[in-house]
Amino acid sequence: MAPELSERLLWTLGGIGGLLVIASVALAILGLVKPDYDWRELRLRVKSWWVMAIIFALAISFDRRLSLAFLAFVSYIAFKEFLSLVPTRRADRRVLLWAYLAIPIQYVWIGIEWYGMFIIFVPVYMFLLLPARMVLIGVTEGYLRAAGTLHWGLMTTVFSLGHAAFLLVLPAEGNPGAGGPGLLLYLILLTQLNDVAQFIWGKSLGRRKVLPTVSPGKTYEGLVGGVATTIVLATLLGPWLTPMSLLHSAAAGALIGFGGFLGDVTVSAIKRDLGTKDSGDLLPGHGGILDRVDSLTFTAPLFFHFVFYLYY
Amino acid sequence: MIALLRWTFFLLVVRPIVLVILGLNVRHRERLPLTGPAILVANHNSHFDTMVLMSLYPLRALPKLRPVAAADYFMRSGALQWFSTRIIGIIPVDRGARARGEDPLAGAGLALDHGDILILFPEGTRGEPEAMAKFKKGVAHLVKRHPEVPVYPIFLHGSGKVLPKGAVIPVPFFVDVFVGEPLAWSGEVDAYMDQLNTYMAALAKEGKFPPWE
């Protein structure tokens, strides 16, 4: 086992396993109590949670390069899902390859801890390179839309999600308790729990719709209950997994709670705009990868810059 | 030995390409026939189509899966012929056989007698990527001779974006695979083809695909 896998990390991973056991047992009991209700969707979802938790735990537990390769792969699948979802121009086929190439390059900047390049590569260089390559093709019809959607895709799936990966390479002495993996685990765990908490609060108490034209299932009750839950959990876990004080942990919780909501509805708006329901069927019960990392596209950069500004 | 080579090729080359470079979104997977004889017919956009359809099955089903492909294209050279027939396992169809009074479907018929699962692209060519052409009647003539064999229409979208006709470098995209209900022989070639074309059009309508032009 790698030295960076601290005891705190192991306990947290164990806690996640415990939560999943509770969810599975609760679902089994509910199935017995209410056999008429259709539990299939929820069962699929919990099963996928197990798979995701195990893969993620393995990915962050051994070697930093393995963790980065795993996160780069997540970026790749999410970007591929995005490109399959949005209209693209046939003329731009080769340009898309250039865009894909940005993924390994961006993760190399992360791997060699070159923060300056990491933070400008996509928003500056790719932002200039891709439209330049596209204009050389000479097709102007749909040019702005094509350049815009392509950049939006890279910014969310590669640049934003890349922030989660950069947490891993922040100086270990900045977080003596749990290191980079602790920060990453904190971000991912709270973002996903925030999704689940908003879902559960909304299902049980939800009455007033918050954004009916975008995501009819989202309610004020779900949002407020979810964010409150996330703030409590963030405050409890903050001093354990991160260098943050209690107050800062609570603020990070609010950031993750509201940011997660916004990331979620942003991807919902895109899907609604394009007339599709799920971004794919890679994760049974959830949809595609984009459906799972939508919140993270907002929480990763928000949380990263919050903790980076205050502690590094 | 060849069987092992084929198995290894599909495990180490075809599966990773189909799952990593492409990636499948499969609807109604449960409709796929697990045993032959059966015929899968799909629209054709790309060389990847055959790989995609073969990847819907577990590797142990490999010996049963036989794509039907044009002899003039896949039997051009000795190496390509060896690769096509032995590794991919195609049944070559001579597109000019009928003109010479021969039976182009003899090999396909034999495979059905064997209990194999045929993979057929009745458009006859990859054509314009992501544009479905009308199906040719060969499949109806084949089913006429094997009326007990079910035909499963499968709609494919996306592979033409990955590697359209004429392109060399694939660009990653997800591929949508919609498996249809089986179609039984109706007794008449033209009516059967109408029905098959209607089935395919209905399957295509299940998805909403972004424009690609």
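Residues numbered from 1 in each chain as written. Chains lettered and ligands numbered in written order. Predicted model: local features only at pLDDT ≥ 70, side-chain atom pairs only at ≥ 80, totals over all residues.

Moving on: the overall build of chain B. Helix and strand content of chain B: eight helices and seven strands. Computed over the C-alpha atoms, the radius of gyration of chain B is 16 Å, within 12% of the 17 Å expected from 2.2 N^0.38 for a compact globule of 213 residues. Overall, the C-alpha framework of chain B stretches about 45 × 40 × 30 Å when taken along its three principal axes. Counting every position in chain B, which comprises 213 residues, the buried fraction comes to 39%. Taking contacts inside chain B between residues at least 6 apart in sequence as the whole, the part at least 24 apart equals 72%. (Helix = DSSP H or I, 4+ residues; strand = E, 2+ residues; numbered from the N terminus. Rg over C-alpha atoms; globule rule 2.2 N^0.38 Å. Buried ≥ 20, exposed ≤ 12 C-beta atoms within 10 Å, placed from the backbone. Contact = placed C-beta atoms within 7 Å.)

Attention now moves to the pairing of strand β2 (residues 38–42) of chain B. Regular strands show a simple pattern: their side chains alternate between the two faces of the sheet. All names here are of chain B. Within β2, five of the five residues are buried, which leaves the element mostly enclosed by the surrounding structure. Neither face of β2 is exposed, since Ala38, Leu40 and Ala42 on one face and Ile39 and Val41 on the opposite face are all buried. Where β2 and strand β6 (residues 151–157) come together, four bridges link them in parallel fashion. Of the residues in β6, the one forming a bridge with Ile39 is Val151. (Pairing = 2+ DSSP bridges.)

To continue, consider the interface of chain B and chain A. Facing the 13 residues of chain B at the interface are 18 residues of chain A. Split into classes, the residues belonging to the side of chain B that touches chain A amount to eight nonpolar, three polar and two charged. (Nonpolar A, V, L, I, M, F, W, Y, C, P; charged D, E, K, R; others polar.)

With that settled, consider unusual backbone geometry. Along the chain, Gly36 of chain B connects to Pro37 of chain B via a cis peptide bond; the corresponding omega equals -5°. Of note, Pro37 of chain B is situated in the loop between β1 (24–27) and β2. Here the phi dihedral of Glu113 of chain A falls at roughly 60°; this positive angle occurs in a residue that is not glycine. With respect to the helices and strands, Glu113 of chain A occurs in the loop between α4 (93–111) and α5 (115–137). Phi at His28 of chain B is positive, roughly 65°, even though this residue is not glycine. Mapping His28 of chain B onto the fold places it in the loop between β1 and β2.

Let us now look at helix α1 (residues 2–22) of chain B. Residue and element names in this part refer to chain B. A maximum bend of about 35° is found in α1 at Phe10. Among all positions in α1, only Phe10, Val14, Val18 and Leu22 are buried. Of the surrounding elements, those touching the buried residues of α1 are β1, α2 (48–54), α7 (159–162) and β7 (175–179). Remark: Gly23 follows α1 within two positions and exhibits a positive phi of approximately 95°. (Bend = angle between axes of the 7 residues up to and from the residue.)

Moving on: the sheet that holds strand β3 (residues 65–70) of chain B. Residues and elements named next belong to chain B. On the basis of which strands lie adjacent, the open sheet formed by seven strands has the order β1-β7-β6-β2-β5-β3-β4 and mixed pairing. The open sheet has two free edges, formed respectively by β1 and β4 (91–93), since each of these has just one partner strand. With direction set aside, neighbouring strand axes in the sheet form an average angle of 25°. As defined by bridge partners, β6 adjoins β7 across four bridges and the pair is classed as antiparallel. Of the residues in β7, the one forming a bridge with Leu156 is Val177. In the packing of helix α8 (residues 189–205) onto the sheet, contacts are made with β6 and β7, and the angle to β6 comes to roughly 40°. (Axes fitted to C-alpha atoms, helices over the stretch in contact; angles between N-to-C directions.)

Purely geometric numbers; function is a separate question.
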